[in-house]
Amino acid sequence: MAREDMKREVIIACDFSSAEETYRFLDRFTEEKPFVKIGMELFYAEGPAIVRELKGRGHKIFLDLKLHDIPNTVKKAMAVLSRLDVDMVNLHAAGTKEMMVAALEGLTRADGSRPILLAVTQLTSTSQERMNRDLLIPGTVADCVRHYAKNAQEAGLDGVVCSPLEAGIVKEACGKDFFCVTPGIRFADGAVGDQVRITTPEKAKEIGSDYIVVGRPITAAEDPVAAYRRCVCEFE
Ligand code: C5P
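Residues numbered from 1 in each chain as written. Predicted model: local features only at pLDDT ≥ 70, side-chain atom pairs only at ≥ 80, totals over all residues. Heavy atoms only, no water.

### Considerations on helix α4 (residues 71-83)
To keep things clear, this is the line we draw: The numbering of helices and of strands both runs from the N terminus, where a helix is a DSSP run of H or I of at least 4 residues and a strand a run of E of at least 2. Under the convention used throughout, the expected extent of a helix is 1.5 Å for every residue step, that is, one less than its residue count. Any two residues whose heavy atoms approach within 4.5 Å are treated as being in contact.
The end-to-end C-alpha distance of α4, which contains 13 residues, comes to 19 Å, matching closely the 18 Å that a straight helix rising 1.5 Å per residue would cover. Buried residues belonging to α4 abut β3 (61-67), β4 (88-92), α5 (97-107) and β5 (116-120). Where α4 ends, the next residue or the one after it, Asp 85, has phi of about 60 degrees, a positive value.

Structure (structure tokens):
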């Protein structure tokens with residue numbers, strides 16, 4: 001996808017444990033074809049077949065496997081993911097700039113095309129206290145996100161995954177064309193769960209998210225299609 005074809009979009013996190021459960025969920029969407037995120041749980045359970053199937057059904061796919069390993073391993077793994085024809089993939093910025101450059105090389109096909117590559121900055125479940133204490137990263141989460149985003153940009157990546165609350169900081173540091181894909185979205189009247197750095201779809205749009213990734217507020221809703229439409233309406 002070229003940058004100029006992009007528009008703000010809601011991505012549904014299909015955090016299900018089987019293909020059957022995923023199809024049952026997606027079959028409820030008769031009028032729209034949501035952009036979906038396949039994460040570790042579903043990919044490890046079903047393998048590449050689930051990607052091919054959902055692609056075949058016409059969904060755009062964000063394959064959220066958050067790679068983090070030595071550069072050579074990540075490069076080879078990205079080459080495999082690129083052949084799956086997904087639209088978006090990611091890795092951990094903590095893997096270093098060298099790893100990100102290698103990933104980009106692996107991901108790029110012979111004709112120069114490739115999926116969007118994003119770097120996870122700090123997970124939206126990580127608080128500053130845990131980042132300082134457990135990861136031994138000093139300073140604020142915002143400092144770390146800014147630094148990781150700049151590293152990702154220097155490595156040639158397309159954007160980052162961060163909290164919607166940090167999208168403004170990233171845009172300021174890296175420019176408006178550098179994507180901010182943001183989980184940690186909750187409706188103003190909804191449950192928070194294990195997420196920490198969160199906001200609403202409307203506020204995420206205001207701060208600068210390009211894509212919001214929404215899981216439980218849609219997947220656990222009594223009426224998922226209505227919840228999805230509410231997200232689209234508040235965000236796009
Ligand atoms: O259910 P919920 O809306 O919290 O789902 C958020 C999704 O985004 C989950 O699939 C989670 O793994 C993912 N994610 C996240 N924070 C990040 C990166 C990915 O919550 N920084």
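### Side note on the sheet that holds strand β7 (residues 179-182)
Threshold: Pairing between two strands is assigned when DSSP locates at least 2 bridges connecting them. An axis is simply a line fitted to the C-alpha atoms; with a helix, the fit covers only the stretch in contact. Between two such axes, the angle follows the N-to-C directions and lies from 0 to 180 degrees.
In space, the 8 strands of this closed barrel follow the order β1-β2-β3-β4-β5-β6-β7-β8, with parallel pairing throughout. Direction aside, neighbouring strands of the sheet carry axes that sit 25 degrees apart on average. As paired elements, β7 and strand β8 (residues 211-214) share 2 bridges and run parallel to each other. Of the residues in β8, the one forming a bridge with Thr 182 is Ile 212.

### Some remarks on the site of the ligand
For clarity, the cut-off: A molecule or strand has a residue near it when one of that residue's heavy atoms lies within 4 Å. We define a polar contact as two N or O atoms separated by no more than 3.5 Å, with the added condition that, inside protein, one atom must be a possible hydrogen donor and the other a possible acceptor, whereas residues neighbouring each other in sequence contribute only through side-chain atom pairs. Just so you know the grouping, Ala, Val, Leu, Ile, Met, Phe, Trp, Tyr, Cys and Pro go in nonpolar, Asp, Glu, Lys and Arg go in charged, and all remaining residues, Gly too, go in polar.
If you check the shell around the ligand, you find 16 residues, and the closest are Asp 15, Lys 37, Thr 124, Arg 186 and Arg 216. In the model, an oxygen atom of the ligand is placed 2.7 Å from a nitrogen or oxygen of the Lys 37 side chain. With respect to the ligand, the side chain of Arg 216 contributes an N or O atom lying 2.7 Å from an oxygen atom. Taken together, the elements giving at least two residues each to the shell around the ligand come down to β8 and α10 (216-219). Taken together, the residues of the shell around the ligand break down into 7 nonpolar, 4 polar and 5 charged.

### Concerning the side chain of Asp 210
As a reminder, the rule being used: A 1.4 Å probe rolled over the protein chains alone gives each residue an accessible area, and that area as a share of the maximum for its type sets the label: buried under 20%, exposed over 50%, partly exposed in between.
Mapped onto the elements of the fold, Asp 210 is located in the loop between α9 (201-207) and β8. Judged by its relative accessible area of 13%, Asp 210 falls in the buried class. In this structure the side chain of Asp 210 is engaged in a polar contact, spanning 2.7 Å, whose partner is the side chain of Lys 171.

### Quick word on the packing of helix α7 (residues 141-155) against helix α8 (residues 167-174)
Threshold: Throughout, the term roughly parallel applies to angles under 35 degrees, roughly antiparallel to angles over 145, roughly perpendicular to angles from 65 to 115, and oblique to all others. We call a crossing left-handed when the near helix sits turned anticlockwise from the far one by less than a right angle, and right-handed when that turn is clockwise.
Running from N to C, α7 and α8 point in directions that differ by 40 degrees, and their axes come no closer than 9 Å. On the basis of the axis angle, α7 is oblique to α8. By crossing handedness, the relation of α7 to α8 is classed as right-handed. Judged by residue contacts, Ala 142, Val 145, Arg 146, Ala 149, Lys 150 and Gln 153 of α7 engage Ile 169, Val 170, Ala 173 and Cys 174 from α8. Across the contact of α7 with α8, the residue classes break down as 7 nonpolar, 1 polar and 2 charged.

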